[in-house]
Amino acid sequence: MKFENSLSFAKKMDRQDPLKSFQSQFHFPVINGKRVLYFTGNSLGLQPIATKKFVSEELNDWAKWGVEGHFHAHRPWLYYHHFSKKTLGKLVGAKPSEVVAMNQLTVNLHLMLASFYRPTATRFKILTEAGAFSSDQYAFESQLKWHGIDPTVGLIELKPRPDEFTLRTEDIVKAIEENASELAVVIFGAVQYYTGQFFDIKKITEAGQKAGAYVGFDLAHAIGNVPLQLHKHNVDFAVWCSYKYLNSGPGGVAGVFVHEKHHGNTRLPRLAGWWGHHEKERFQMKKGFVPMPGADGWQLSNFPVLSGSALMASLNVFEKAGMKNLRKKSELLTAYLQFVLTEINPSERYFRIITPSKKNERGCQLSILTHANGKKIFNRITKAGVIADWREPNVIRVAPVPLYNSFEDVYRLGEILKHSLK
Ligand SMILES: *Cc1c(COP(=O)(O)O)cnc(C)c1O
């Protein structure tokens, strides 16, 4: 497709966009009477208009039924964790039994590592990308210490080659092979939060498992953003949060994936709670934990229905739009953003896009590495009505989200940025 950096071209693209109507299904912040240009769906997704209705239904049912809402609510609370399974399964490429919504992301990461990180005297290392999201770094570091292992010995963090910003798959595979006998877990952020790189899940999983390690992914920046095939790619486990691309609201309920091949393995140790106990006898309050088969067996607590209802509202929007359609638009929209950014930045004079330019190596986010005055530029575009996101020391992240961003938004961002560079 031949792009043009013009308002008329952007408007033409919007007229041809089959998902155009979804923009009006979201609330946009308004600052000084003007709708903002929202490019931070990678940090907190916008609120679907339908969310209020879903949450109100639970409030009404609570008022009407009290505790009996567990059985008589529209969506009976007792079974609430079942209701999101089908859509979550589609989003990550899994069977419904392999996924469950629960807790928060970092909590889930610890729960998964409690099961899959079982270091021995010889096989005790965790291999991951350097510069992972802080919470993941803290989780890995504290897991190692929890098992009495020095993190400087037990944690392998892969850095890009000198003068490169993203990791090459071949280098990841090589590092896995070189450390094969010592690896317990290989874990990556499926889409790297800082660079926007979408890692090759299939190849990393193959290499990690060939080395004898379990392989997991943090999907915080991947779910609802890129196509995923966790079951087919044989990934052992994954975790995600739902307030970024999934638009479930601040602190929304997170989730996990556990591959079916582990469901029958009752020897896999886990940290347990009553909601993971077999549903049929959960309320018998008996001694002796018997896990539910599937990902459900990793649940600890009863389901957070109020935040879960916001997740239901948002998944409903995903069902209507369809992940295939969203990805198709997303590839085009991000390619357009890349084009516009290149137009206003001849010979990379002001900045460099560090996100890979191949569409299968990225989601919708582009990370802009500024050469100088990055924070100043960022403050200027913020003042002009753009909500983007600043990452120390010098990166501006922008994420055009196919559900609610338009080609016109992208064009306008380009104009504002152009005037803020000089
Ligand atoms: C957003 C994000 C988190 C946040 O963790 P919470 O437990 O949801 O607060 C953690 N890891 C990654 C990779 C993230 O992108």
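Residues numbered from 1 in each chain as written. Predicted model: local features only at pLDDT ≥ 70, side-chain atom pairs only at ≥ 80, totals over all residues. Heavy atoms only, no water.

Chemist: How do you make sense of the environment of Q209 when you look at a structure like this?
Modeler: Examined against the element boundaries, Q209 turns out to sit in helix 10 (residues 201–210). Taking relative accessible area as the criterion, Q209 reaches 24% and is therefore assigned partly exposed. Expressed as a C-alpha distance, the spacing of Q209 and V186, which sit 23 residues apart in the sequence, is 8.7 Å. What Q209 contacts, discounting residues up to four positions off in sequence, is V215, N234, V235, D236 and K261. (Helix = DSSP H or I, 4+ residues; strand = E, 2+ residues; numbered from the N terminus. Buried < 20%, exposed > 50% of the residue type's maximum accessible area, 1.4 Å probe, protein only. Contact = heavy atoms within 4.5 Å.)

Chemist: What is the right way to read the packing of aromatic side chains from this model?
Modeler: Aromatic rings considered in pairs are described by the distance between their centres and by the relative angle of their planes. Evaluation of the coordinates by the stated rule reveals 20 aromatic pairs. Ring centres of F3 and F9 lie 6.2 Å apart, and the angle between their planes is 80°; on these two criteria the pair is classed as edge-to-face. Judged by its relative accessible area of 12%, F3 is buried. Three or more aromatic residues joined by ring pairs make a cluster, and in this case those are F3, F9, Y336, F339 and F407. It is K244 that lies over the ring of F133; its NZ or CZ is 4.9 Å from the centre. One residue, R270, lies across the ring of W298, its end atom 3.8 Å from the ring centre. (Phe/Tyr/Trp six-rings, centres within 6.5 Å; stacked < 30°, edge-to-face > 60°. Lys NZ or Arg CZ within 6 Å of the ring centre and 35° of its normal.)

Chemist: Even after reading the chapter, I still don't get the site of the ligand, so can you show me in this structure?
Modeler: For the ligand, the full set of nearby residues is L105, T106, F133, D136, D218, A220, H221, Y243 and K244. At 2.6 Å, a side-chain N or O of T106 approaches an oxygen atom of the ligand. The contact in question runs from an oxygen atom of the ligand to an N or O atom on the side chain of H221, over 3.1 Å. Considered on its own, the ligand offers 380 Å² of accessible surface; in the complex 83% of this is hidden by protein. (Near = heavy atom within 4 Å. Polar contact = N/O pair within 3.5 Å; in protein donor to acceptor, adjacent residues only side chain to side chain. Areas by Shrake-Rupley, 256 points an atom, 1.4 Å probe, with all protein chains shown as cover.)

Chemist: Can you walk me through the domain arrangement of the protein chain in this structure?
Modeler: When the parts of a complex come together, some accessible area is lost, and that lost area is often taken as the interface size. Under the domain assignment used here, the protein chain contains domain 1 (7–35 + 323–420) and domain 2 (55–318). With 28 residues of domain 1 at the contact, the number on the domain 2 side is 19 residues. Taking both sides of the interface into account, the surface hidden between domain 1 and domain 2 amounts to around 1900 Å²; carbon and sulfur atoms contribute 61%. Sorting the residues of domain 1 by area buried against domain 2 places M323, I354 and Q365 first, and these three jointly supply 28% of that buried surface. (Domains from an automatic or database assignment. Buried area = accessible area lost by both parts, 1.4 Å probe.)

Chemist: Just to check I follow, could you spell out the environment of E58 for this structure?
Modeler: Mapped onto the fold, E58 is located in helix 2 (residues 51–65). Relative accessible area serves as the criterion here: at 1%, E58 is assigned to the buried category. The spatial distance from the C-alpha of E58 to the C-alpha of T122 is 51 Å, given a sequence separation of 64 residues. If sequence neighbours within four positions are ignored, E58 has contacts with A73, R75, W77, Y80, V305, L306 and S309.

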